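Listed below are the residues making up each chain.
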Amino acid sequence: MTLVGKLEADVEIDVPAVEFHDVFGCRPHHVSNMSPDRIHGCDLHEDIMKEYKSYKATVQATSKGNGSLVYWTLKYEKLNENIPDPHTLMEFLIHCT
């Protein structure tokens, strides 16, 4: 089992790429307003670093018709083989997009 991994996902949304970027890139504290059933605030937590040596999330939004195609990439290195891959975090990002 490898300690280094990468997860990728595409999500189509009905919001222009510029608006998506504005919220996620410039006003991340407003994400909780858009997904109140999933996010109840915006605080920085370092819990994820208890299981991962390194972790990087990248998001790219590209215009598609009247909406956008959002591409999420998660690159990580687990501290040991017993740590699960972060599929639940990827699912969370997809549902909040």
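Rules used throughout
Residues numbered from 1 in each chain as written. Predicted model: local features only at pLDDT ≥ 70, side-chain atom pairs only at ≥ 80, totals over all residues. Heavy atoms only, no water. Pairing = 2+ DSSP bridges. Helix = DSSP H or I, 4+ residues; strand = E, 2+ residues; numbered from the N terminus. Axes fitted to C-alpha atoms, helices over the stretch in contact; angles between N-to-C directions. Buried < 20%, exposed > 50% of the residue type's maximum accessible area, 1.4 Å probe, protein only. Arc of directions from axis to C-beta. Contact = heavy atoms within 4.5 Å. Salt bridge = Lys/Arg side-chain N within 4 Å of Asp/Glu carboxyl O.

Student: Any chance you could break down the pairing of strand β2 (residues 52-64) for me, citing the residues and the numbers?
Tutor: Relative to strand β3 (residues 67-78), β2 is paired through 12 bridges, and the arrangement is antiparallel. Across the sheet, the residue bridging to Ser54 is Glu77, located in β3. A loop of 2 residues connects β2 with β3, the two strands running antiparallel in sequence, and Gly65 in this loop sits at a positive phi of about 60°.

Student: Please provide a residue-by-residue account of the sheet that holds strand β1 (residues 4-13), values included.
Tutor: Consider a sheet: its strands pair through backbone hydrogen bonds, and that pairing is either parallel or antiparallel. In spatial order, the strands read β1-β3-β2; together these 3 strands make up an open sheet with antiparallel pairing. Sheet topology places β1 and β2 at the edges, where each strand pairs with a single neighbour. Here the strands of the sheet are splayed against their neighbours by 15° on average, with no regard to which way each runs.

Student: Give me helix α3 (residues 87-96): which residues, what numbers.
Tutor: Of the positions making up α3, those classed as buried are Met90, Leu93 and Cys96. Mapping the buried residues of α3 onto a view down its axis gives an arc of 130°, with all of them on the same face. Here the buried face of α3 lies against β1, α1 (17-26) and β3.

Student: I'd love a proper account of the side chain of Thr73, names of residues and values included.
Tutor: Along the polypeptide, Thr73 turns up in strand β3. Classification of Thr73 by relative accessible area gives buried; the value is 9%. Sequence-distant contacts of Thr73, that is, excluding residues within four places in its chain, are made with Lys6, Leu7, Glu8, Lys56, Ala57 and Thr58.

Student: Let's hear about the environment of Lys50: which residues, and what values?
Tutor: With respect to the helices and strands, Lys50 occurs in the loop between α2 (31-34) and β2. Along the primary structure Lys50 and Leu79 are separated by 29 residues, whereas in three dimensions their C-alpha atoms are 8.1 Å apart.

Student: Can you lay out the pattern of salt bridges for me, pointing to particular residues and giving the numbers?
Tutor: Applying the stated rule across the entire model yields 3 salt bridges. Notably, a salt bridge pairs Lys78 with Asp85, separated by 3.0 Å at the nearest N-O pair. Residue class for Asp85 comes out partly exposed when judged on its relative accessible area of 33%.

Student: Please set out the pairing of β1 residue by residue, giving values where relevant.
Tutor: Along any regular strand the residues' side chains alternate between the sheet's two faces. Taking every second residue as pointing to the same face, the buried face of β1 carries Gly5, Leu7, Ala9, Val11 and Ile13, while none of Val4, Lys6, Glu8, Asp10 and Glu12 on the other face is buried. Across 10 bridges, β1 lies against β3 in antiparallel orientation. Among the inter-strand pairings, Asp10 is bridged to a residue of β3, identified as Tyr71.

Student: Could you give me a rundown of α1, with the residues and numbers involved?
Tutor: The complete set of buried residues in α1 reads Ala17, Phe20 and Val23. Looking straight down α1, one finds that the buried residues subtend no more than 135° of arc, so they occupy a single side. Exposed residues lying more than 90 degrees from the buried face of α1 are Val18, His21, Gly25 and Cys26. On its buried side, α1 packs onto β1, α2, β2 and β3.

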